[in-house]
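Listed below are the residues making up each chain.
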Amino acid sequence: MLIARRIAKTLPFPSSKYLSFEDTILEANSYGLPFDTLMNFTFGELSYYIHYHRERKRREYQEKSILTYYQAALTAKIMFGDKVNEVFEEFPYWTEDEILDIRAGQAVSYFNNIPFED
């Protein structure tokens, strides 16, 4: 009899919320908590510390994946001859004030490069 098995997606860090005490100590140490400080923590504090660092690592991976995706999209756009917009139009990381500063700088450099005839 064939049993269908579901293939789980692997995560870059342990997916179980429940670790043994030894695993908890080793994981907290891998996130930079020294052993002498680590021994003064309660199990709840260690769990919170690990959860915080797992979440931080997850968000870091999200940011890297977004950047990689945008790099690939921009490269494809350039390769296939589409017009490449300003960097702040391609990537949504600038505020309106920063965009205005960039536009003002572009205008100043444009008018500084106009040759004047005598």
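Residues numbered from 1 in each chain as written. Predicted model: local features only at pLDDT ≥ 70, side-chain atom pairs only at ≥ 80, totals over all residues. Heavy atoms only, no water.

J.: Please explain the nonpolar core as it appears in this structure.
T.: Side chains of a nonpolar character, in soluble globular proteins, are inclined to be buried together. Formed by Ile-25, Ala-28, Tyr-31, Leu-33, Leu-38, Leu-46, Tyr-49 and Ile-50, the largest nonpolar core amounts to eight residues. Residue assignment for this core shows that the elements contributing at least two residues are helix H1 (21-30) and helix H3 (43-79). Top element by residues in this core is H3. It accounts for three residues. Leu-33 has contacts with Ala-28, Leu-38, Phe-41, Leu-46 and Tyr-49, leaving out every residue within four places of it along the chain. (Core = buried A, V, L, I, M, F, W, Y, C linked by side-chain atoms within 4.5 Å. Buried < 20%, exposed > 50% of the residue type's maximum accessible area, 1.4 Å probe, protein only. Helix = DSSP H or I, 4+ residues; strand = E, 2+ residues; numbered from the N terminus. Contact = heavy atoms within 4.5 Å.)

J.: It is not clear to me how the pattern of salt bridges should be interpreted in this structure. Could you clarify?
T.: Side chains carrying opposite charge are able to pair once their charged atoms draw close together. Going through the model one piece at a time under the given rule, you end up with four salt bridges. Where Glu-27 meets Arg-54, a salt bridge forms, and the shortest distance between an N and an O atom there is 2.9 Å. Of the two residues, Glu-27 sits in helix H1 while Arg-54 sits in helix H3, which places them 27 residues apart along the sequence. Arg-54 matches Glu-27 in its accessibility class, with the two residues each being buried. Glu-60 is the partner of Lys-64 in a salt bridge, and the nearest nitrogen-oxygen pair spans 3.5 Å. With Lys-64 and Glu-60 both in helix H3 and four residues apart, this pair spans about one turn of that helix. Exposure remark for Lys-64: the relative accessible area of 47% places this residue in the partly exposed category. (Salt bridge = Lys/Arg side-chain N within 4 Å of Asp/Glu carboxyl O.)

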